[in-house]
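So you can see what is in the structure, the chains are spelled out below.
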Amino acid sequence: GAVVSQHPSWVICKSGTSVKIECRSLDFQATTMFWYRQFPKQSLMLMATSNEGSKATYEQGVEKDKFLINHASLTLSTLTVTSAHPEDSSFYICSARPAGGVYNEQFFGPGTRLTVL
Amino acid sequence: AQSVTQLGSHVSVSEGALVLLRCNYSSSVPPYLFWYVQYPNQGLQLLLKYTTGATLVKGINGFEAEFKKSETSFHLTKPSAHMSDAAEYFCAVSDRGTGGFKTIFGAGTRLFVKA
């Protein structure tokens, strides 16, 4: 149980294009999903917290117009990198916290490798 | 504010030897503490967590960790390393602040296991 999927697992795009990454909780409902960014050999940096049916809460320094987050249902959140540039190349990981979860246990997706040329 | 410090970005042990990965945290309220493992190009897998109660927690794959409040530590151990344990390990702290739950990750420790 508690499986989170991400799609696509990797994507290569041209500079200036937009890329959408999906995060799905497959066997549980997630009122909260989190989006992280991980640079090579570094830790995860929280980008934003996404609550179903409401606007995402972005961490300081994360451009909300650049990284659009939508959490339209209890099992799906999407991250759209708009007008991507090479510096946006990174490993993006989502996680989902089950509805009713008490200890903030999160289940992580496998990640999406974004390369912007 | 929360923070997590993992001592040692790299740890190398021989197969069969003790694994000790160090983690110290700071939190203004009683924290929830986690250890995650990450294999290359994959997401994070929960090894174990401390929430309340017993301070020695056992996780998957033979790992365990002890919450020591006086030392603000949550070190991860395994009595006997296996080659398959080679991976990146992240310690994380989570507590409820004004903005709700937030999890902060340490910088990570890469474990190498030598044959």
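Before any of the text, the structure's been laid out above.
The following refers to the structure shown. (Residues numbered from 1 in each chain as written. Chains lettered and ligands numbered in written order. Predicted model: local features only at pLDDT ≥ 70, side-chain atom pairs only at ≥ 80, totals over all residues. Heavy atoms only, no water.)

Re the overall build of chain B
When its secondary structure is counted, chain B shows zero helices and eleven strands. Secondary structure elements of chain B, listed N to C terminal, follow the sequence β-β-β-β-β-β-β-β-β-β-β. Counting every position in chain B, which comprises 115 residues, the buried fraction comes to 44%. The long-range share in chain B, meaning contacts at least 24 apart out of those at least 6 apart in sequence, stands at 56%. (Helix = DSSP H or I, 4+ residues; strand = E, 2+ residues; numbered from the N terminus. Buried < 20%, exposed > 50% of the residue type's maximum accessible area, 1.4 Å probe, protein only. Contact = heavy atoms within 4.5 Å.)

What to know about the interface of chain B and chain A
Each partner contributes to the interface: chain B provides 20 residues, whereas chain A provides 20 residues. Three residues, B:Leu44, B:Phe101 and B:Phe105, lead the burial of chain B against chain A; their summed loss comes to 28% of the area buried on that side. Here chain B is connected to chain A by zero salt bridges. Listed by contribution, the elements that provide at least two residues to the side of chain B that touches chain A are β4 (32–38), β5 (44–50), β9 (87–97) and β10 (100–105) of chain B. By residue class, the composition of the side of chain B that touches chain A is nine nonpolar, nine polar and two charged. (Buried area = accessible area lost by both parts, 1.4 Å probe. Salt bridge = Lys/Arg side-chain N within 4 Å of Asp/Glu carboxyl O. Nonpolar A, V, L, I, M, F, W, Y, C, P; charged D, E, K, R; others polar.)

Re a nonpolar patch on the surface
The grouping of A:Trp10, A:Ile12 and A:Leu117 at the surface amounts to a nonpolar patch, some 380 Å² of accessible area in total. Mapping A:Leu117 onto the fold places it in the segment after β11 (112–116). (Patch = residues over 30% accessible without salt bridge, like charges linked within 9 Å, V, L, I, M, F, W, Y side chains within 5 Å. Areas by Shrake-Rupley, 256 points an atom, 1.4 Å probe, with all protein chains shown as cover.)

Comments concerning the side chain of A:Lys66
Relative to the helices and strands, A:Lys66 resides in the loop between β6 (57–58) and β7 (67–73). Polar side-chain contacts of A:Lys66 include one of 2.7 Å to the backbone oxygen of A:Ser83. (Polar contact = N/O pair within 3.5 Å; in protein donor to acceptor, adjacent residues only side chain to side chain.)

So, the packing of aromatic side chains
Scanning all chains against the criterion turns up twelve aromatic pairs over all chains. Taken together, a centroid distance of 5.9 Å and an interplanar angle of 75 degrees make the contact between A:Phe108 and B:Phe105 edge-to-face. One end of the pair, A:Phe108, is in strand β10 (residues 107–108); the other, B:Phe105, is in strand β10, on a second chain. The exposure classification of A:Phe108 matches that of B:Phe105, with both residues buried. Relative to B:Phe67, the ring of B:Tyr50 lies with its centre 4.3 Å away and its plane at 25 degrees, an arrangement referred to as stacked. Within this pair, whereas B:Tyr50 is found in strand β5, its partner B:Phe67 is found in strand β7 (residues 64–68), the two being separated by 17 residues in sequence. We note that B:Tyr50, like B:Phe67, is buried. (Phe/Tyr/Trp six-rings, centres within 6.5 Å; stacked < 30°, edge-to-face > 60°.)

Thoughts on the sheet that holds strand β8 (residues 73–78) of chain B
All names here are of chain B. With respect to topology, five strands assemble into an open sheet ordered β1-β3-β8-β7-β6, the strand pairing being antiparallel. Edge positions in the sheet fall to β1 (3–7) and β6 (56–58), since each has one partner strand and no second. Each adjacent strand pair in this sheet contributes to an overall mean axis angle of 20 degrees, direction not counted. Two strands pair when backbone bridges link them, and β7 and β8 are joined in this way by five bridges, in the antiparallel orientation. Bridging across to β8, Ala65 finds its partner in Leu76. (Pairing = 2+ DSSP bridges. Axes fitted to C-alpha atoms, helices over the stretch in contact; angles between N-to-C directions.)

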